[in-house]
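Listed below, chain by chain, are the residues.
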Amino acid sequence: MTRLGPGTRVIVRDDWPETRGEAHIRTPHYVRGREGVVVRHLGNFPNPEDLAFARPAATVPLYHVRFDPNTLWPPPRSADVLLVEIFGHWLEAR
Amino acid sequence: MTTPPDLLATPAEALFAALLDVLAAKGVVREAELAARIAATDAASPAQGARMVARAWVDPTYRALMLADGTRAAEALGIPMLGAPPLGVLENRPGLHHLVVCTLCSCYPRAVLGYPPFWFKSAAYRARAVRDPRGVIAEWGTMLAPDTEIVVVDSTADYRWMVLPSRPDGTDGWDEAALAALVREGDMIGVTVPSPGPARARPSAATG
């Protein structure tokens, strides 16, 4: 997939593979379907969703993505920024 | 590497010893590799991370290396990082504070901080650190300036994160060992901040 540069606005896929069968997912539920901003590309790693089941795992990009806590939870605001590691195949550029 | 029978007190230990014997017989692992791994695991403790923090406080070149590549900075102090996930370092500054959590499980920079404290793995910490970090930090007795920006880092994948706290006031002229002795586990997670005074909040020493 195209590498996402810093500052790219992204939407985390609103997908719930765990509802369709066995799954190992490193994308927290609270950011799925939410908008964030790519901070930086952290590196490329074997896809843990396959590694967990001993399947051949493609190397996928990992990004640090910034979220505004106000878009995730109701007030009162407590954090100012939330940084989450998210694999590229969970992100769609806005 | 046959294990003496008196060490096989439980079925789990017997199973473990049998597995080791098979792995050794098949050439999958060598005894020296196992010994090195056990030594590295035993050496991993918050004291390792504290050495890195103290060095960063006295050596700007090392600080720059630590922020750019935590793994190389750890190795530069002789901390074994072979096989460990990449280490990222989050720099606290006046007005900026980081708090690390793993909401999915208990991802933790074990090579430099040892085993995670029991509370780091608790459902309560994992749920609250992302939603109410100010509340969590306040409950530790940690005083941050009211306008401090709080960045919560959810350690969800292949990186591991430690906080580089700010050097506390009142430590001018302290040597590296004295500075390292100030730095506790919680300071490198972000629930506490180092202080030279006696009234500092003490992070739990318990491991689990």
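Rules used throughout
- Residues numbered from 1 in each chain as written.
- Chains lettered and ligands numbered in written order.
- Predicted model: local features only at pLDDT ≥ 70, side-chain atom pairs only at ≥ 80, totals over all residues.
- Heavy atoms only, no water.
- Helix = DSSP H or I, 4+ residues; strand = E, 2+ residues; numbered from the N terminus.
- Rg over C-alpha atoms; globule rule 2.2 N^0.38 Å.
- Buried < 20%, exposed > 50% of the residue type's maximum accessible area, 1.4 Å probe, protein only.
- Contact = heavy atoms within 4.5 Å.
- Core = buried A, V, L, I, M, F, W, Y, C linked by side-chain atoms within 4.5 Å.
- Expected span 1.5 Å × (residues − 1).
- Buried area = accessible area lost by both parts, 1.4 Å probe.
- Salt bridge = Lys/Arg side-chain N within 4 Å of Asp/Glu carboxyl O.
- Nonpolar A, V, L, I, M, F, W, Y, C, P; charged D, E, K, R; others polar.
- Pairing = 2+ DSSP bridges.
- Domains from an automatic or database assignment.
- Polar contact = N/O pair within 3.5 Å; in protein donor to acceptor, adjacent residues only side chain to side chain.
- Axes fitted to C-alpha atoms, helices over the stretch in contact; angles between N-to-C directions.
- pLDDT = per-residue confidence, 0-100.

Considering the overall build of chain A
From N to C terminus, chain A includes one helix and five strands. Counting from the amino terminus, helix and strand elements in chain A follow one another as β-β-α-β-β-β. Over its C-alpha trace chain A gives a radius of gyration of 14 Å, about what one expects of a compact globule, namely 12 Å for 94 residues. On the principal axes, the C-alpha backbone points of chain A span a range of 45 × 30 × 20 Å. Put simply, chain A has 94 residues, and 49% of those count as buried. Long-range contacts, defined as pairs at least 24 residues apart, comprise 58% of the intrachain contacts of chain A with a sequence gap of at least 6.

Regarding the nonpolar core
Nonpolar side chains in soluble globular proteins generally cluster together in the buried interior. Grouped together as the largest cluster of nonpolar side chains are 58 residues, with contacts concentrated most on B:Met52, B:Met66 and B:Tyr125. Here this core gets six residues from one element, more than from any other, and that element is helix 3 (residues 46-58) of chain B. Those residues within four positions of B:Met52 in sequence are excluded, and the remaining contacts are B:Tyr62, B:Met66, B:Gly70, B:Ala73, B:Ala74, B:Leu77, B:Ile79, B:Leu87, B:Val112 and B:Met162. Ranked by size, the runner-up nonpolar core spans 16 residues in total, among them A:Leu42, A:Phe45, A:Phe87 and B:Val151.

Looking at helix 3 of chain B
Taking 1.5 Å per residue as the helical rise, helix 3 of chain B with its 13 residues ought to reach 18 Å, and the 19 Å between its terminal C-alpha atoms agrees with that figure. Those residues of helix 3 of chain B lying buried are B:Gln48, B:Gly49, B:Ala50, B:Met52, B:Val53, B:Ala54, B:Ala56 and B:Trp57.

A short note on the interface of chain A and chain B
Across the contact, 21 residues belong to chain A and 25 residues belong to chain B. Both sides together, the interface formed by chain A and chain B hides about 1900 Å², and carbon and sulfur atoms give 54% of it. Taken as a group, A:Arg26, A:Ser78 and A:Glu85 account for 31% of the area that chain A buries against chain B, more than any other trio of residues on that side. Our enumeration of links across chain A and chain B arrives at one salt bridge. One salt bridge in this structure joins B:Arg134 and A:Asp80, with 2.6 Å as the shortest N-O distance. Contributions of two or more residues to the side of chain A that touches chain B are made by strand 2 (35-46), strand 3 (59-67) and strand 4 (81-87) of chain A. At six residues, the largest contribution of residues to the side of chain A that touches chain B is made by strand 4 of chain A. Of the residues belonging to the side of chain A that touches chain B, the class tally is 14 nonpolar, three polar and four charged. Two elements, strand 4 of chain A and strand 3 (residues 149-154) of chain B, share four bridges in a ladder whose sense is parallel. Its bridge partner being in strand 3 of chain B, A:Val84 is matched across the sheet by B:Asp154.

Section: the side chain of A:Asn47
Residues and elements named next belong to chain A. Mapped onto the elements, Asn47 comes out in the loop between strand 2 and helix 1 (48-51). A relative accessible area of 9% means that Asn47 is categorised as buried. Among all residues touching Asn47, those that are not within four sequence positions of it are Ala57, Ala58, Val60 and His89.

What about the domain arrangement of chain B?
Here chain B is described as being made up of domain 1 (10-41) and domain 2 (44-189). Each of domain 1 of chain B and domain 2 of chain B has a C-alpha centre, and these two points are 32 Å apart.

Describing the environment of A:Tyr30
Within the element layout of this structure, A:Tyr30 appears in the loop between strand 1 (9-12) and strand 2. Separated by 43 residues in sequence, A:Tyr30 and A:Trp73 have C-alpha atoms that sit 8.8 Å apart. Not counting residues within four places of it along the chain, the set of residues in contact with A:Tyr30 comprises A:Leu72, A:Trp73, A:Leu82, A:Val84, B:Thr103, B:Val130 and B:Asp154. Within the local environment of A:Tyr30, its side chain forms a polar contact with the side chain of B:Asp154, the two groups lying 2.4 Å apart.

Describing the sheet that holds strand 3 of chain A
One open sheet holds the seven strands; their spatial order is 5(A)-1(A)-2(A)-3(A)-4(A)-3(B)-2(B), and the pairing between them is mixed. The outermost strands of the open sheet, each flanked by one partner alone, are strand 5 (91-93) of chain A together with strand 2 (96-101) of chain B. Recorded for the sheet is a direction-independent mean angle of 35° between the axes of neighbouring strands. Contacting strand 4 of chain A together with strand 2 and strand 3 of chain B, helix 7 (residues 123-131) of chain B crosses the sheet at an angle of about 150° to strand 2 of chain B.

Side note on the confidence of the model for chain B
On average, chain B scores 91 in pLDDT, and the residues at 70 or more come to 91%. The low-confidence segment residues 199-208 of chain B (pLDDT under 50) makes 29 contacts with residues lying over four places distant or belonging to another chain.

Digging into the environment of B:Asp69
Here B:Asp69 lies in the loop between helix 4 (60-68) and helix 5 (70-76). Counting along the chain gives 17 residues from B:Asp69 to B:Pro86, while the straight-line C-alpha distance between them is 8.2 Å.

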